[in-house]
Structure formats: structure tokens, C-alpha cells
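An overview of the molecular structure
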Amino acid sequence: MQLVIRRYRPSDRDTVRALFSTGIQEHITPCFHNRMATPFCLAITAALCVAGYLLSSVLGAVVLAAAWMGLVYYCCHKIYSGFVKERLLTDMQDIPGNYLSRPGDDFWVAEAKLDGRVQILGMVAVKAKQSGKEKYGELMRMIISPLCRRMGLGFRLAQTVVDYCKEQGFSKVVLETSAIQTAAVGLYEKLGFRHVLSPSITEFPSWVVMLANVKVLRMEKQLSA
């Protein structure tokens, strides 16, 4: 498979938005499984099963446990699907206006011929940021299609952003990802990114964030002059 990385075109809009949506929401189920496997959730599940059995019957135990698991799944779904909904209404609504209209911003897609036709299989963006006199780039919206994972595309897309930021004279590249995305975190670490912060999620109620146990990692890579 010959992958080509090129700049975003307006005709890519629907495909890119669909890839972004599915790429983010696929983390809902792993997030739920990881959360339910924690000692906290296992203890709550066991306690509800016992309480349901003592107060009612085996059916009561099943109902209480199912309701608890449903609540945890709802919280995981709320965070990831809510993030997608918000982004599709904001920066991903007008990609040229938000990523291609200012110096230092850019948006790329990766495409390849698959099943006889050219398909978009990945994407990544960068936004120019400034803090005081320091100018840096933020890697954003990196999504890889399941059709071409473990083929080095993630490395190539991330490296595209790093090289671009060097050309722009930025001091560093920063990004945010969730801890559940272990493959992405491993890739960024191989590229020289280091974990510097775990910012709080403020877009959702605190109880939703607590039950989903989603952790955001802020990572950065210093660029040599």
C-alpha cells in the first residue's frame, strides 16, 4: 500500500469528518472495559450484586449490577461522543477557516489506493500557538483508519507536524491525548514527546469524568534550534 500525505482539500470534508468521528468514538468501549476492571468498580459491582440478592433475588442482583454498568458506560460515551459533537460544530465544521487561514496552521490527510479506489486513511493538523515571546505548534486531530494501523502511518503523520514546526521556527510541539490511547502515547514517546501535565476535563460534570475515569495527558517535544 503506497500512502501519500498531502494538504487538505475542501472536497475531503465529509470523509475527514466521518473518520474523525469514528476514530474518537472507538475509544468508548476500551474506556468502559478499563474502568469496570478497576478495584473501585469491581467493589461497587460486587456490593450491588449482594445488596440486590439480599433485598430481592438473583434478578435483583442482576438488575442493580446492570444499572451500575450502564451508568459507567453512559459516562464513557458522554465524554467521547460529546467531544466529537462539540468539535464537529466548531473547528471541524470549517477546516479551511480554522486550520488553513493563518500562518503556522496546517492540515494534512493521508491517502492510498484501496479496493480499486483512493481513500483517505489518516489525518493530522497543527495550530500555531504563542505564550509570551515563545511560539510553538500544537499537534491536533491525528486519526488513523483501522485499515492501515501498524504500518507506520501514525509515525509519518506526527513526523510531518514535527518537521513543519521546525520549518516554522517553533520552539516545541505540544499535544493532548487520553491515557486510554496507549498506542498513540507509545508512538509519541518514541518520537521524543514527554508527559508534562495532566490537565483537568472541565467540559463535562465532575461526576461524569470521575465515573468514566478519563485522564488527559499533555505531552511536548522540544525542538532544537
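Residues numbered from 1 in each chain as written. Predicted model: local features only at pLDDT ≥ 70, side-chain atom pairs only at ≥ 80, totals over all residues. Heavy atoms only, no water.

**Here's the deal with the environment of Asp12**
- Relative to the elements of secondary structure, Asp12 occurs in the loop between strand E1 (4-7) and helix H1 (13-25).
- For Asp12 and Ile120, which are 108 residues apart along the polypeptide, the C-alpha to C-alpha distance reads 8.1 Å.
- Apart from the residues lying within four places of it in its own chain, the contact partners of Asp12 are Arg6, Arg7, Val109 and Ile120.
- Here Arg9 takes part through its backbone nitrogen, which lies 2.8 Å from a polar atom of the side chain of Asp12. (Helix = DSSP H or I, 4+ residues; strand = E, 2+ residues; numbered from the N terminus. Contact = heavy atoms within 4.5 Å. Polar contact = N/O pair within 3.5 Å; in protein donor to acceptor, adjacent residues only side chain to side chain.)

**Side note on the UniProt feature "domain: N-acetyltransferase" (unreviewed entry) in the chain**
- The UniProt record marks residues 62-224 with the feature "domain: N-acetyltransferase" (unreviewed entry), using the residue numbering of this structure.
- Taken end to end, residues 62-224 comprises 39% helix and 33% strand; its first and last C-alpha atoms sit 58 Å apart. (UniProt positions renumbered as here; feature names shortened; annotations may be inferred.)

**Considering the packing of aromatic side chains**
- The final tally for this structure, using the stated rule, is 7 aromatic pairs.
- Their ring planes at 50 degrees and their centres at 6.2 Å tell us that Phe20 and Phe83 sit as a pair that is tilted. With a gap of 63 residues between them, Phe20 in helix H1 and Phe83 in helix H4 (residues 58-89) connect regions that are remote in the sequence.
- A residue is classified by how much of its surface remains accessible, and Phe20, at 1% relative accessible area, is buried.
- Under the relative-accessibility criterion, Phe83 is labelled partly exposed at 28%.
- Between Phe40 and Trp68, the aromatic rings sit 6.3 Å apart at their centres with planes inclined by 70 degrees, giving edge-to-face as the arrangement. On the criterion of sequence distance, the pair formed by Phe40 in helix H3 (residues 39-55) and Trp68 in helix H4 is long-range, its members being 28 residues apart.
- Under the relative-accessibility criterion, Phe40 is labelled partly exposed at 37%. (Phe/Tyr/Trp six-rings, centres within 6.5 Å; stacked < 30°, edge-to-face > 60°. Buried < 20%, exposed > 50% of the residue type's maximum accessible area, 1.4 Å probe, protein only.)

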